[in-house]
Amino acid sequence: MAKKINIKTRAKKKKKKLFSDERIKIILGVTTVFISAFLTLAFISYFFTWKTDQSFQFSKVVSGAEISVENWSGKAGAHFAGLFINKWFGIASFTFPFLLLVIGFRFFKIKIYPIRKAFKITIIGTIILSVFLGYIFGNSNGYLGSGLGGGHGFIIAQWLNSFLGKAGTAFLLSVIIISFIILSFQRSYEWIIKLSAGLFKKDYTEFDDHSAENQDEYEEELQSTPQKVSEEEIIDDDLIFTTKEIEKTEKETITSPIEQKQDLKNEPEKEEDIELTIEEKHKEEKLNGTFKKYELEDYDPTLELSSYNLPPLDLLEKHEQDTNGEIDKDEIIFNKNRIVETLANYKIQIDKIKATVGPTVTLYEIIPAPGIRIAKIKNLEDDIALSLSALGIRIIAPIPGRGTIGIEVPNQKPEIVSMRSILESKVFSESKYDLAIGLGKTISNDTYVIDLAKMPHLLLAGATGQGKSVGLNVIIASLLYKKHPAQLKFVMVDPKKVELTLYTKIEKHFLAKLPDSEESIITDTQKVVNTFNSLGIEMDHRYDLLKAAHVRNIKEYNAKFIARKLSPEKGHKYLPYIVVVVDEFADLIMTAGKEIEGPIARLAQLARAIGIHLIIATQRPSTNIITGTIKANFPARIAFRVSSMIDSRTILDSPGANHLIGRGDMLVSTGGDLVRLQCAFIDTPELDEITEYIGSQQSYPTAFMLPEYTPEGFDDIGEVDFSKRDVMFEDAARLVVRHQQGSTSLIQRKFSIGYNRAGRIIDQLEAANIVGPFEGSKARQVLFQDEYSLEQYLKDFLDNV
């Protein structure tokens, strides 16, 4: 049975991978467009060759008979043209190549017409048009075989004539056609109403009555406008276009419509539910003396990657064990008796004891008899461990909020907590946290989920091989399963160069880096220093945006931007969360020292409100690595097993981490009490599957670029030899003046050149006094206001070079 389930699961995975492959989509698109063109050519040819090919039978071709046809698409074209036009729907059959064309272009992500509407018009419209043509023209004396309506239209029309008579059939077809047009095209309804109003010479008011005051305001607005602008809205189930007609002369001259398309995020495998809406401003429309008001829809930050799908849980393993979650009652009773006997040996009486079984540890809660000192029990930690022959005994005296003393004893058969069980739990899947992280399970087998946005930074420490790197991967995977690439970016620092390399596959989706950096995973110490200083510049820039928006944190800012209350023309933009992951902090402190500690401390102190969060891991939790400045700004800490009580106090400010059993056993402190967890387990092949799935989807052109950072001492550009100036120097000067933005990234993007060359051009422009000096997060000041003055200056300047 298990094998059958695994086979089905693998088949589903292969099917999903097959249809997510862009190459398969291209092949299907080309094939569908070819079939559409083939049928169109065959149908057109049938108008000229139908008499010659009328006696053609496809069955004779299959049997091998030598038959010649004149259809331009050959024997197959003659067969399908005769089938569709002669036997079926007549000239209404041309809707089928149109439907195939719409589907084919959709594979190329080109939306020429909504698929759902194309299906509706093709199926219903073809039947109605065929019957209508069969009624009007009959069989047309045998033209095209069965007439313009085809065999279907001719037979249905004849039956209706005999049943309702010609007048009744005409009335019925008229009602059906008008109803179909009204239901399919919103504009047709407005046109029919206006036509009726014109025939009966009545003023028609559409939808809502409007006051005379609004009418007067609208007429004053028209008088103050130099050109008459009337807007017409074409609305259907899937598409809204706004077109403008501008009258510049006495006769109405219709300009080309300006159409812009905005895609809502579409759900997987539900492509027909796409709604494209284009509205740039609040608009008012006048239709026969009335007007409508349109409101903008909320901005969708996921729009650019609207087809992105979160990784499925099928990519993760369940890691099932032989225990199947069963509790070893004999072990619990044995430990319980040994604890009671050991305490009794020291004349400590117990009123009550109960056990709570977790995945790796069992908690025994005891209530001592009155008059027993808690400190006396706590001092027996080693004696209890000796009697139970177990490592990792931890005594919690007392347990906060319960009035009991807890003794944690490791299980003889610990369970593996799979990452899949955490992610598919109700606690995680229904979590409303901004940055939800599923760490593992508590002693009571409850899923433990935290919000990184509220922590706001996280410090991990533990000896080598105790699960620290797995814990980092669990944190990253939790965020990847919750967030869209537009909402989250990672800055990954890996001095060991091997721990985070798997994530290079998702560089263009989730990673952020410096503009001049080739590698998305930062391994060089100097680049790490530059990156943290760049993050400081990004932090200052974000605080400037929050100040201008009159909000206090990134959540309020993004909500305001999504509601379109902040204008991009004033520099506002959607701000993704940035999570900085540092795998081995001790190595950075040893090589960079204060140079790296300062920027990290500044980010830790200030970056919470603007959505930059730090996750720092180290295997050496000594005081010279985790300094007082670092500890003060990292209230949330995770400790895996460490070798000494001193290290435990360095991380958690309390002992306990030295008594853990390893292999993912950890203590979590979020500024209050300690919680013991078994960390979730995610293996390297599972991570490889996740990153492969994300990397195979459509991505951004590049990774998320952090602001440029120039280290101190590199501000002076030195002397520039203009006789060896770049060939793009003059074009770059015109570009920055035209855009009024002196930015290296602008030149790099517009001219498709490397960052180093663009930087040299900026240096030359600065030396030529065309742009100002480097100003941190701000773009360089452009010293010329227009291209005319620039051209005069360049002419004189270059003549003197």
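Each chain carries its own residue numbering, running from 1 in the direction its sequence is written. Given that this is a predicted model, residues contribute local features only at a pLDDT of at least 70 and side-chain atom pairs are listed and counted only at 80 or more, while totals for whole chains, interfaces and linings are drawn from all residues. Processing note: side-chain calculations cover all non-hydrogen atoms of the structure and skip hydrogens and water entirely.

Draft legend 1. Spatial organisation of the overall build of the chain. For the purposes of this entry, the term helix denotes a DSSP run of H or I that reaches at least four residues, the term strand denotes a run of E that reaches at least two, and both are numbered from the N terminus. Of the regular secondary structure elements, the chain holds 27 helices and 20 strands. Of all 801 residues assigned to the chain, the portion counted as buried reaches 44%. Taking the contacts inside the chain whose residues are at least 6 apart along the sequence as the reference set, 65% of them involve residues at least 24 apart. Summed over its atoms, the accessible surface of the chain is roughly 42700 Å², and 53% of this surface lies on carbon and sulfur atoms. The rule is simple: take the accessible area with a 1.4 Å probe, protein chains only, and divide by the maximum for that residue type; under 20% is buried, over 50% is exposed, in between is partly exposed. Whether two residues are in contact is decided by their heavy atoms, any of which lying within 4.5 Å being enough. Reported accessibility uses the Shrake-Rupley method at a 1.4 Å probe radius. Residues are deemed covered only where the shown protein chains occlude them.

Draft legend 2. Broad picture of the sheet that holds strand β10 (residues 447-451). Paired strands are those between which DSSP finds at least two bridges. Sheet architecture is open: 10 strands sit in the order β10-β9-β19-β18-β17-β11-β16-β15-β12-β14, paired in mixed fashion. Each edge of the sheet is formed by a strand with only one pairing partner; in this case those strands are β10 and β14 (521-522). As paired strands, strand β11 (residues 458-461) and strand β16 (residues 612-618) are joined by four bridges and run parallel to one another. Considered in β16, the bridge of Ala-461 is made with Thr-618. Interaxial angle, 0 to 180 degrees, is taken between N-to-C directions of lines fitted to C-alpha atoms, where a helix line uses only the stretch in contact. Sheet strands touched by helix α19 (residues 585-592): β12 (488-493), β15 (577-582) and β16. Its angle to β16, the strand with the most contacts, is close to 90°. Along the sheet, helix α22 (residues 645-652) makes contact with β11, β17 (636-639), β18 (665-669) and β19 (674-679), crossing β17 at roughly 155°.

Draft legend 3. Spatial organisation of the packing of aromatic side chains. Think of it this way: a Phe, Tyr or Trp ring, Trp meaning its six-membered ring, pairs with another when their centres are within 6.5 Å, and the plane angle makes it stacked under 30 degrees, edge-to-face over 60, tilted otherwise. Applying the stated criterion across every chain yields a total of 11 aromatic pairs. Grouping aromatic residues by their ring pairs yields a cluster made of Phe-43, Phe-84, Phe-89, Phe-94 and Phe-96.

Draft legend 4. Structural detail: helix α26 (residues 755-767). Any helix carries an expected span of 1.5 Å times its number of residues minus one. Relative to the 18 Å expected for 13 residues at 1.5 Å per residue, α26 spans 18 Å between its end C-alpha atoms, a close match to the ideal helical length. Three or more residues of α26 are buried, namely Tyr-755, Ala-758, Gly-759, Ile-761, Ile-762, Gln-764, Leu-765 and Glu-766. Summarising the contacts, the buried residues of α26 are in contact with α24 (729-739) and α25 (744-751). Of the residues one or two after α26, Asn-769 is the one with positive phi, at around 60°.

Draft legend 5. Just unusual backbone geometry, in detail. Note that the residue after Met-455, namely Pro-456, is joined by a cis bond; omega there is -10°. Tracing the sequence through the fold places Pro-456 in the loop between β10 and β11. Of note, Lys-497 is a non-glycine position whose phi angle comes to about 70°, a positive value. For Lys-497, the position within the fold is in the loop between β12 and α16 (507-510). Even without being a glycine, Asp-653 presents a positive backbone phi close to 65°. The residue Asp-653 is located in the loop between α22 and β18 in this model.

Draft legend 6. Representation of the pairing of strand β6 (residues 361-368). Burial runs high along β6: seven of the eight residues are buried. Connecting the antiparallel pair strand β5 (residues 350-357) and β6 is a turn made up of three residues. Strand direction decides the pairing type here: β6 and strand β8 (residues 404-410), joined by six bridges, are antiparallel. Looking at β8, one finds that Glu-365 is bridged to Gly-406.

Draft legend 7. A look at the sheet that holds β6. Within the open sheet, the four strands sit side by side as β5-β6-β8-β7. Their pairing is antiparallel. The open sheet is flanked by β5 and β7 (394-399), the only strands paired with a single partner. Neighbour-to-neighbour, the strand axes of this sheet turn through a mean angle of 20°, independent of strand direction. Two strands pair when backbone bridges link them, and β7 and β8 are joined in this way by four bridges, in the antiparallel orientation. When the bridges of β8 are listed, Arg-394 appears paired with Glu-408. Helix α10 (residues 329-345) contacts β5, β6 and β8 of the sheet and is inclined by roughly 145° relative to β5.

Draft legend 8. Region of interest: the confidence of the model for the chain. Here the chain averages 78 in pLDDT, and 78% of its residues register 70 or above. pLDDT under 50 marks residues 1-5. Its contacts with residues more than four places away, or in other chains, come to zero contacts. Low pLDDT, under 50, characterises residues 58-64; the stretch is placed with seven contacts to residues that sit more than four places away or in other chains. Note on scores: pLDDT gives the predictor's confidence for each residue, bounded by 0 and 100.

Draft legend 9. Structural view of the nonpolar core. Think of a nonpolar core as a cluster: buried Ala, Val, Leu, Ile, Met, Phe, Trp, Tyr and Cys residues, connected wherever their side-chain atoms sit within 4.5 Å. Counting residues in each nonpolar core, the largest one holds 102 residues, and the members touching the most others are Leu-439, Phe-490 and Phe-532. Tallying contributions element by element places helix α17 (residues 525-549) first for this core, with eight residues. Every residue in contact with Leu-439, bar those within four places of it in the chain, is listed here: Tyr-448, Ile-450, Val-474, Ile-475, Ile-638, Met-666, Val-668, Leu-677, Gln-678, Cys-679 and Ala-680. By size, the runner-up hydrophobic cluster in this structure holds 22 residues, among which are Leu-735, Val-736, Ala-768 and Val-771.

Draft legend 10. How the structure looks around the packing of helix α5 (residues 95-107) against helix α6 (residues 115-137). For the pair α5 and α6, the least separation of the axes is 9 Å and the interaxial angle reads 170°. It follows from the interaxial angle that α5 and α6 lie roughly antiparallel. For the pair α5 and α6, contact is made by Thr-95, Phe-96, Phe-98, Leu-99, Val-102, Ile-103 and Arg-106 and by Ile-115, Ala-118, Phe-119, Thr-122 and Thr-126, respectively. Three classes are used, and their members are as follows: Ala, Val, Leu, Ile, Met, Phe, Trp, Tyr, Cys and Pro are nonpolar, Asp, Glu, Lys and Arg are charged, and the others, Gly among them, are polar. Residues that form the contact of α5 with α6 fall into these classes: eight nonpolar, three polar and one charged. Angle categories are assigned with fixed cut-offs, so that under 35 degrees is roughly parallel, over 145 is roughly antiparallel, 65 to 115 is roughly perpendicular, and the rest are oblique.

Draft legend 11. Structural context of the layout of surface pockets. Roughly 1800 Å³ of internal volume is contained in the largest pocket. Mapped onto the lining of the largest pocket, the elements with two or more residues apiece are α16, α17, β20 (704-705) and α25. Across the lining of the largest pocket, the residue classes tally to 22 nonpolar, 12 polar and 15 charged. Using only the protein atoms, space was sampled on a 1 Å grid; points where a 1.4 Å probe fits but cannot get out form cavities, open sets with protein on both sides within 12 Å along at least five of seven lines form pockets, and lining residues are those with an atom within 4 Å of a point. Grid points are joined across faces, edges and corners, and a volume is the space filled by probe spheres set on the points.

Draft legend 12. Quick peek at the side chain of Glu-686. Within the secondary structure, Glu-686 sits in helix α23 (residues 684-695). One buried charged side chain, Glu-686, makes no salt bridge at all; its nearest oppositely charged neighbour is Arg-420, positioned 8.2 Å away. Polar contacts, as used here, are pairs of N or O atoms within 3.5 Å; protein pairs need one atom able to donate a hydrogen and one able to accept it. Residues neighboring in sequence count only if both atoms are side-chain atoms. A distance of 3.0 Å separates a polar side-chain atom of Glu-686 from the backbone nitrogen of Asp-683. Each residue touching Glu-686, except ones within four places of it in the same chain, is listed here: Leu-315, Leu-316, Glu-317 and His-319. This count recognises Lys and Arg as positive and Asp and Glu as negative, with His and chain-terminal groups excluded. Every case where a carboxyl oxygen of Asp or Glu lies within 4 Å of a side-chain nitrogen of Lys or Arg is listed as a salt bridge.

Draft legend 13. Region of interest: the pairing of β8. Here β8 lies mainly inside the structure; seven of its seven residues are buried. Side chains Thr-404, Gly-406, Glu-408 and Pro-410 of β8 all project onto a buried face; the interleaved residues Ile-405, Ile-407 and Val-409 project onto the opposite face, where all are buried too. Between β7 and β8, which pair antiparallel and follow one another directly, the connecting turn spans four residues, one of which, Gly-401, has a positive phi of 80°.

Draft legend 14. Local environment of the environment of Glu-331. Tracing the backbone through its elements, the reader meets Glu-331 in helix α10. Under the relative-accessibility criterion, Glu-331 is labelled buried at 12%. Considering only alpha carbons, one finds Glu-331 and Gln-412, 81 residues apart in sequence, at a separation of 8.1 Å. In this structure Glu-331 touches Tyr-364, Pro-410, Asn-411 and Gln-412, once residues within four positions along its chain are discounted.

Draft legend 15. How the structure looks around α17. Under the 1.5 Å per step criterion, the end-to-end length of α17 is 36 Å for 25 residues, consistent within 8% with the ideal 36 Å. The first or second residue beyond α17 is His-550, which carries a positive phi of 60°.

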